[in-house]
Amino acid sequence: MRFRHPDGSTVHLAYCTNVHPAETLDGVLAQLRDHCEPVRRRLGRDRLGIGLWLARDAAHALVTDPSALRGLRTELEHRGLEVVTLNGFPYEGFGAEEVKYRVYQPDWADPERLAHTTDLARVLAQLLPDDVTEGSISTLPLAWRTAYDQERATAAHTALTTLAERLDALHELTGRSLRIGLEPEPGCTVETTRDALAPLTAIGHDRIGICVDTCHLATSFEDPHTALDALAQARVPIVKSQLSAALHAEHPHLPEVRAALAAFDEPRFLHQTRTLTAAGLRGTDDLGEALAGDALPDASPWRAHFHVPLHAAPAAPLTSTLPVLRAALTRLVGGPHPLTHHLEVETYTWQALPPELRPRARAQLADGIATELTLARDLLTDLGLKELP
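The residue count restarts for each chain, going from 1 along the sequence in the order it is written. The predicted origin of the model limits local features to residues at a pLDDT of at least 70 and limits the giving and counting of side-chain atom pairs to 80 or more, whereas totals for whole chains, interfaces and linings rest on all residues. The basis for every side-chain value is the complete set of non-hydrogen atoms in the structure, without hydrogens or water.

Undergrad: A description of the overall build of the protein should follow, citing residues and the corresponding values.
TA: Helix and strand assignments come from DSSP, with helices taken as H or I runs of at least 4 residues and strands as E runs of at least 2, each series counted from the N terminus. Helix and strand counts for the protein stand at 12 helices and 15 strands. Our radius of gyration looks at C-alpha atoms and nothing else; its globule reference is 2.2 Å times the residue count to the power 0.38. Expected size for 389 residues packed as a compact globule is a radius of gyration near 21 Å; at 20 Å, the protein falls within 12% of this value. Taken over the C-alpha atoms alone, the protein extends approximately 60 × 50 × 45 Å along its principal axes. In this scheme, a residue with accessible area under 20% of its type's maximum is buried, one over 50% is exposed, and one in between is partly exposed, where area comes from a 1.4 Å probe on protein chains only. Burial statistics for the protein: of 389 residues in total, 59% are counted as buried. Should any heavy atoms of two residues lie within 4.5 Å, those residues are considered in contact. Considering only intrachain contacts with a sequence separation of at least 6, the fraction spanning at least 24 residues in the protein is 79%. Side-chain charges of the protein comprise 37 positive and 52 negative groups, with the mean position of each set lying 5 Å from the other. Counted as positive: Lys and Arg. Counted as negative: Asp and Glu, with His and the chain ends omitted from the count. Where a charge lies is defined by one atom per residue type, namely NZ (Lys), CZ (Arg), CG (Asp) and CD (Glu).

In structure tokens, the structure reads:
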């Protein structure tokens, strides 16, 4: 979906396809047919943006077979879909029964991460619509915090610098300008937008910036205006923003609140949990750990890294951090000029919701995604953007 900002520029809205796990190119093509096109039809649009997730095997197949890449582009056009952004965070196995810490491997100190992201950039340069010259890719925020020493930090810095040089060369070759955004996430080396300032200013290249995920922002109790102002002051480019909402518990000391939270403690994804105390941010790596005994102080609200559907906050006594998303979006695109032109709804946890809240059929999932996109569209038009055909 495209929107005209009052300054005349185009803002793109997509939804991320990591909600439809697929590891191969055939799986990606099936996604377009079975999920993405039905969502577009529900919205009544001739064109729908998708934030494509390409696992390692799918990306490798595309970059080594020009005919396969042409076939994917043709299929996108046939189904009324367009791609201006990729989710390059998960490397592979995102549809596994247990993902947890695996999603952070390989990290930016490993050569495989650079090779994979280079492949993604080459693919995206060929998938961009004819009238679009700028693309974005979100990626791992360097590494998970453990086993990340100075040697690995140096290797990661070198890899990102090499990537920037490759993106410069790709721009010269194709005329397509691509940028990469580190996506701060709780528990990682770069957990907050503040953590991103030092490594990104050290790299000092406008092709390497940040992806602001509003669920992660909220989970770490960052104020959107303070965070985005700091990025602007440091001249760190906001490559894209992922529109998502975290799980919020106002009174985690109450037994009924803990019982409600326990329903979201599932085995597939990591649900980092945080609380803001007088001594600063405290947290656990997973929701179950927070619920076990006194691992996390419970005198103040808790927030958990669980991407809840934008339009459907959990039932009381829980809620979501949709207000943080609203505040961030106002700052991102509500001013005289957009701070980013790429927005992506990223609720990948539909099948990880408590059983009674999960979509029971493909059609229900399409309905839910379409409703999320409708909410995001309404937020944008309320800010003065005009939806384009």
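Undergrad: Let's hear about helix H2 (residues 56-64): which residues, and what values?
TA: Within H2, the full set of buried residues consists of Ala58, Ala59 and Leu62. Projected onto a plane normal to the axis of H2, the buried residues spread over an arc of 95° and lie on a single side. Buried residues along H2 sit in contact with helix H1 (25-43), helix H3 (66-78) and helix H4 (111-127). Arc definition: directions from the helix axis to the C-beta atoms.

Undergrad: Break down the side chain of threonine 275 for me, citing the residues and quoting the values.
TA: Mapped onto the fold, threonine 275 is located in strand S10 (residues 273-277). A polar contact of 2.9 Å, which involves the side chain of threonine 275, links it to the backbone oxygen of proline 301. Not counting chain neighbours up to four residues away, the residues in contact with threonine 275 comprise Phe221, Gly280, Leu281, Arg282, Leu296, Pro297, Ser300, Pro301 and Trp302. As used in this structure description, the phrase polar contact means that two N or O atoms lie within 3.5 Å; if the pair is within protein, one of them must be able to donate a hydrogen and the other to accept it, and residues adjacent in sequence are counted only when both atoms belong to side chains.

Undergrad: Provide a residue-level description of the pairing of S10, including the pertinent values.
TA: Note: two strands are recorded as paired if DSSP finds a minimum of 2 bridges between them. Taken together, the 5 bridges between S10 and strand S11 (residues 280-284) define a ladder with antiparallel strand orientation. Within S11, the position partnered with leucine 276 by the bridge is leucine 281. Connecting the antiparallel pair S10 and S11 is a turn made up of 2 residues. Here S10 pairs with strand S12 (residues 302-308) via 3 bridges, running antiparallel. Bridge pairing in S12 places arginine 274 opposite arginine 303.

Undergrad: Describe the sheet that holds strand S9 (residues 245-249), naming the residues involved and giving the relevant values.
TA: Here 5 strands make up an open sheet; going across it, the order is S11-S10-S12-S9-S13 and the pairing antiparallel. A single partner strand is all that each edge strand has here, and the edge strands are S11 and strand S13 (318-320). Between one strand axis and the next, the sheet turns by 30° as a mean value, whatever way the strands run. Both S9 and S12 contribute to a ladder of 4 bridges, which runs antiparallel. Paired with histidine 248 across the two strands is arginine 303, which belongs to S12. Each axis is a line fitted through C-alpha atoms, and for a helix only the stretch in contact is used; angles between axes span 0 to 180 degrees, taken between their N-to-C directions.

Note that every value here comes from positions in space, so none of it alone points to a role or purpose.
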